[in-house]
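Commentary on secondary and tertiary structure
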Amino acid sequence: MCTDHITPSEPMADNREILVMEFDEPQPYRTLWELQHACFDAQVERKRSGLPSSAEYLLLLEHQPVLTLGKHGHAENLLLPSDMLAARGIECIRIERGGDITYHGPGQIVAYPIIDLERHHLGVKAYVDILEEAVIRTIAEYGVIGQRVEGASGVWIGKGTPDERKICALGVKCTRFITMHGLALNVSTDLSAFTLINPCGFTDRGVTSLHRECAAAGRELPSISEVRGKLKHHLLTLLHATAKDIPASSKLP
């Protein structure tokens, strides 16, 4: 992550345009990782060359089942031998984001903003706060109260109770204030997959999903596309940006 600090200021008067690409079917992790890097690397190279960054992107999708381990994550938090994991058709990939190990799969909305924080007058901490706040506002629309927990990134339910549980994981990479990776919000995720790991390195806290929380309260279960639309709205609002939707088949960058 970036270690430099930008003092947040008032947002610019004009809204920035972000290219938004949404995928309706679960995507292979490596394919989207490569797509992120293509967009991210191009913007970082422009800034290294003394040029301003150009386009900004927001990728919204679900992944096919996969485990990802952060740059400084601990391999011992993977609880199943690699051969048994492979037999289930699940790969564990070490990547360059912050955070420890997590699961991605169908029913989980992943958001990958690839933006220039300098353009948005944001430091990294303020950016992480925005990602968390977008999720908090999204799930609040379904009567679910999400909160931050000191020392643990992401969004949690039941803060300070014996049943404290995570509904959204978060991990980012930032170079020259260009971001990649992002957040993963459990909507209708198969939560049994998290038994393969110590989620985010925790052994004393559980995980949950929006569907589980809504069902426990006797509320209607929202569709993944509906929740994705609300998350998109809140992210763009908090970033003071407008969306330019582009087809998932578009060539980027």
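Below or above, wherever it landed, is the structure these notes cover. Position labels on residues start from 1 in each chain and follow its written sequence. Two thresholds apply to this predicted model, a pLDDT of at least 70 for residue-level local features and 80 or more for giving and counting side-chain atom pairs, whereas whole-chain, interface and lining totals are computed over all residues. Calculation of side-chain values draws on the structure's entire complement of heavy atoms; hydrogens and water are dropped beforehand.

**Here's the deal with helix α1 (residues 29–48)**
The secondary structure listing takes helices from DSSP runs of H or I that are at least 4 residues long and strands from runs of E that are at least 2 residues long, numbered from the N terminus. One less than the residue count of a helix, multiplied by 1.5 Å, gives the span that helix is expected to have. In a regular helix each residue adds 1.5 Å, so 20 residues correspond to 28 Å; α1 covers 28 Å between its end C-alpha atoms and thus fits that length. Within α1, the full set of buried residues consists of Tyr29, Leu32, Trp33, Leu35, Gln36, Cys39, Phe40, Gln43, Val44 and Lys47. The buried residues of α1 occupy one face: seen down the axis, they fall within an arc of 165 degrees. Exposed side of α1, more than 90 degrees from the buried face: Glu34 and Arg48 are the residues found there. Glycine 50 lies just past α1 and shows a positive phi near 85 degrees. Between buried and exposed lies partly exposed: a residue is buried under 20% and exposed over 50% of the maximum accessible area for its type, with that area taken using a 1.4 Å probe on protein chains only. What the arc measures is the spread of directions leading from the helix axis to the C-beta atoms.

**Describing empty space enclosed by the protein**
Lining residues are defined by having an atom within 4 Å of a point belonging to a cavity or pocket. Those points lie on a 1 Å grid over the protein atoms alone, cavities being sets where a 1.4 Å probe fits but cannot get out and pockets being open sets with protein on both sides within 12 Å along at least five of seven lines. Grid points are joined across faces, edges and corners, and a volume is the space filled by probe spheres set on the points. As enumerated under the stated definition, the model contains one cavity of 30 Å³ or more in all. A volume near 120 Å³ is recorded for the largest cavity. Around the largest cavity, the lining is made up of 16 residues, and of these Lys166, Phe194, Pro199, Cys200 and Val207 lie nearest the centre. Listed by contribution, the elements that provide at least two residues to the lining of the largest cavity are β5 (101–104), β9 (165–175), β10 (178–186) and β11 (206–207). Among the residues forming the lining of the largest cavity, the class breakdown is ten nonpolar, four polar and two charged. As a working rule, the residues Ala, Val, Leu, Ile, Met, Phe, Trp, Tyr, Cys and Pro are called nonpolar, Asp, Glu, Lys and Arg charged, and the rest polar, with Gly in that last group.

**Thoughts on the sheet that holds β5**
A pair of strands is treated as paired once DSSP finds two or more bridges between them. The mixed open sheet is built from three strands, whose spatial order is β4-β3-β5. Edge positions in the sheet fall to β4 (91–94) and β5, since each of these pairs with one other strand and no more. Geometrically, the sheet is characterised by an average inter-axis angle of 25 degrees between neighbouring strands, direction not taken into account. Bridge analysis of strand β3 (residues 66–69) against β4 gives four bridges, and the strand direction is parallel. Across the sheet, leucine 69 pairs through a bridge with arginine 94, a residue of β4. Against the sheet, α1 touches β3, β4 and β5, its axis set at about 20 degrees to β4. Axes, fitted as lines to C-alpha atoms, cover a helix only where it is in contact. Angles between the N-to-C directions of the axes lie from 0 to 180 degrees. The criterion used for residue contact is that any of the two residues' heavy atoms lie within 4.5 Å.

**As for the nonpolar core**
To form a nonpolar core, buried Ala, Val, Leu, Ile, Met, Phe, Trp, Tyr and Cys residues must be joined to one another through side-chain atoms within 4.5 Å. Core analysis: the largest hydrophobic core is formed by 41 residues, its most contacted members being Ile139 and Leu185. Counting residues per element, this core draws most heavily on helix α3 (residues 124–140), at ten residues.

**Remarks on the pairing of strand β2 (residues 57–61)**
With respect to burial, β2 is a largely interior element, five of its five residues being buried. Inspection of the sheet shows strand β1 (residues 16–22) paired to β2 by four bridges, in the parallel sense. When the sheet's bridge partners are listed, valine 20 is paired in β2 with leucine 58. Each parallel crossover has a hand, and for β1 linked through α1 to β2 it is right-handed. Think of it like this: strands point away, you trace from the first strand over the helix to the second, and a clockwise trace means the crossover is right-handed.

**What about unusual backbone geometry?**
Across the junction of leucine 252 and proline 253, the peptide omega takes the value -5 degrees, indicating a cis bond. Within the secondary structure layout, proline 253 lies in the segment after β12 (241–246). Of note in the backbone geometry, histidine 121 takes a positive phi value of approximately 55 degrees without being a glycine. Residue class for histidine 121 comes out partly exposed when judged on its relative accessible area of 30%. A positive phi angle, close to 70 degrees, is found at phenylalanine 177, a residue other than glycine. By the secondary structure assignment, phenylalanine 177 is in the loop between β9 and β10. Owing to a relative accessible area of 8%, phenylalanine 177 belongs among the buried residues under this scheme.

**Focus: the pairing of strand β8 (residues 152–157)**
Counting buried residues along β8, five of its six residues qualify, which places the element largely inside the surrounding structure. Bridging between strand β7 (residues 147–149) and β8 involves two bridges; their strand directions are antiparallel. Of the residues in β8, the one forming a bridge with valine 149 is alanine 152. Between β7 and β8, which follow one another and run antiparallel, lie two residues, and glycine 151 among them has a positive phi close to 85 degrees. One ladder, built from three bridges, connects β8 with β9; its direction is antiparallel. By the bridge assignment, isoleucine 157 is partnered in β9 with arginine 165.

**As for α3**
Taking 1.5 Å per residue as the helical rise, α3 with its 17 residues ought to reach 24 Å, and the 24 Å between its terminal C-alpha atoms agrees with that figure. Counting buried positions along α3 gives twelve out of 17 residues, so the element sits mostly inside the fold. Every buried residue belonging to α3 is among Val124, Ala126, Tyr127, Val128, Ile130, Leu131, Glu132, Ala134, Val135, Ile136, Thr138 and Ile139, and all of these are buried.

Just distances and angles here, no functional claims.
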